[in-house]
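Per-entry structural report
Chain residues, written in single-letter form:
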Amino acid sequence: MAFDAIIIGSGFGGSVTACRLAEDGRRVLVLERGKRWNKDNYPRQATDQWLWDQNHPEKSPGWLDLRRFPHMTVAQGAAVGGGSHIRPRRPRASSNRAGRPRSAIRISSRTTTASRR
């Protein structure tokens, strides 16, 4: 079978790209290394399988892939949905009496400056 596009990863970028290409009539293949989690098998307890092991995915098939480097650690998704499993979900902002979300009213003027060492 021939494809017009092969998308690697089903996270935010991959899924949207695949959707847009398919809507345009393209034949799209999405490759994902992790499994599909649902409410019945999603890890919730500390003893559940959270971590993905690239060297032994059959033993550690979790959705969280932590890559450690000398000066940082990167958390990436290893499941259908990719990084969407990692990004925290926020509840919808409640509205004030004017009907605007509270978050639109509380705008911080503080800025953060990062420095390199």
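Owing to the predicted nature of the structure, the values given are computational and were not obtained by experimental measurement. (Residues numbered from 1 in each chain as written. Predicted model: local features only at pLDDT ≥ 70, side-chain atom pairs only at ≥ 80, totals over all residues. Heavy atoms only, no water.)

This brings us to the overall build of the protein. When you go through the protein residue by residue, the secondary structure sums to two helices and four strands. Taking all 117 residues of the protein together, the buried fraction comes to 20%. Here the contacts in the protein between residues at least 6 apart in sequence split such that 31% fall between residues at least 24 apart. When the accessible surface of the protein is summed, it comes to about 9900 Å², and 51% of that surface belongs to carbon and sulfur atoms. (Helix = DSSP H or I, 4+ residues; strand = E, 2+ residues; numbered from the N terminus. Buried < 20%, exposed > 50% of the residue type's maximum accessible area, 1.4 Å probe, protein only. Contact = heavy atoms within 4.5 Å. Areas by Shrake-Rupley, 256 points an atom, 1.4 Å probe, with all protein chains shown as cover.)

Bringing the packing of aromatic side chains into the picture now. By the definition in use, this model includes three aromatic pairs. The rings of Trp37, Tyr42, Trp50 and Trp63 are connected pair by pair, giving a single aromatic cluster. Across from the ring centre of Trp37, 4.3 Å away, lies the NZ or CZ of Lys35, which sits over that ring. (Phe/Tyr/Trp six-rings, centres within 6.5 Å; stacked < 30°, edge-to-face > 60°. Lys NZ or Arg CZ within 6 Å of the ring centre and 35° of its normal.)

There is a patch of nonpolar side chains on the surface, built from Met1, Phe3, Ile6, Ile8 and Leu31 and spanning about 610 Å² of accessible area. Mapped onto the secondary structure, Phe3 falls in the segment before β1 (5-8). By relative accessible area, Phe3 is classed as partly exposed at 31%. (Patch = residues over 30% accessible without salt bridge, like charges linked within 9 Å, V, L, I, M, F, W, Y side chains within 5 Å. Salt bridge = Lys/Arg side-chain N within 4 Å of Asp/Glu carboxyl O.)

It is worth spelling out the environment of Arg44 at this point. Within the element layout of this structure, Arg44 appears in the loop between β2 (28-31) and β3 (64-69). With sequence-adjacent residues up to four places away left out, Arg44 is seen in contact with Lys39 and Trp50.

All right, on to the pairing of β1 then. Burial of β1 is one-sided: the residues Ala5 and Ile7 facing one way are buried, the residues Ile6 and Ile8 facing the other way are not. Summarising the sheet, β1 and β2 pair through four bridges and their orientation is parallel. Its bridge partner lying in β2, Ile7 is registered against Val30. Handedness of the crossover joining β1 and β2 through helix α1 (residues 12-23): right-handed. (Pairing = 2+ DSSP bridges. Right-handed = clockwise from strand over helix to strand, strands pointing away.)

Another aspect to go through is the pattern of salt bridges. Scanning the entire structure with this criterion turns up five salt bridges. Put simply, Arg33, Asp65 and Arg67 are held in one network by salt bridges that share partners.

With that out of the way, let us pick up the confidence of the model for the protein. For the protein, the mean per-residue pLDDT works out to 78, and 74% of the residues sit at or above 70. The least confident element of the protein is helix α2 (residues 102-105), whose mean pLDDT is 42; the most confident is β1, at 95. In this model residues 100-117 is a low-confidence stretch, pLDDT under 50, and it forms twelve contacts with partners more than four residues away in sequence or in other chains. (pLDDT = per-residue confidence, 0-100.)

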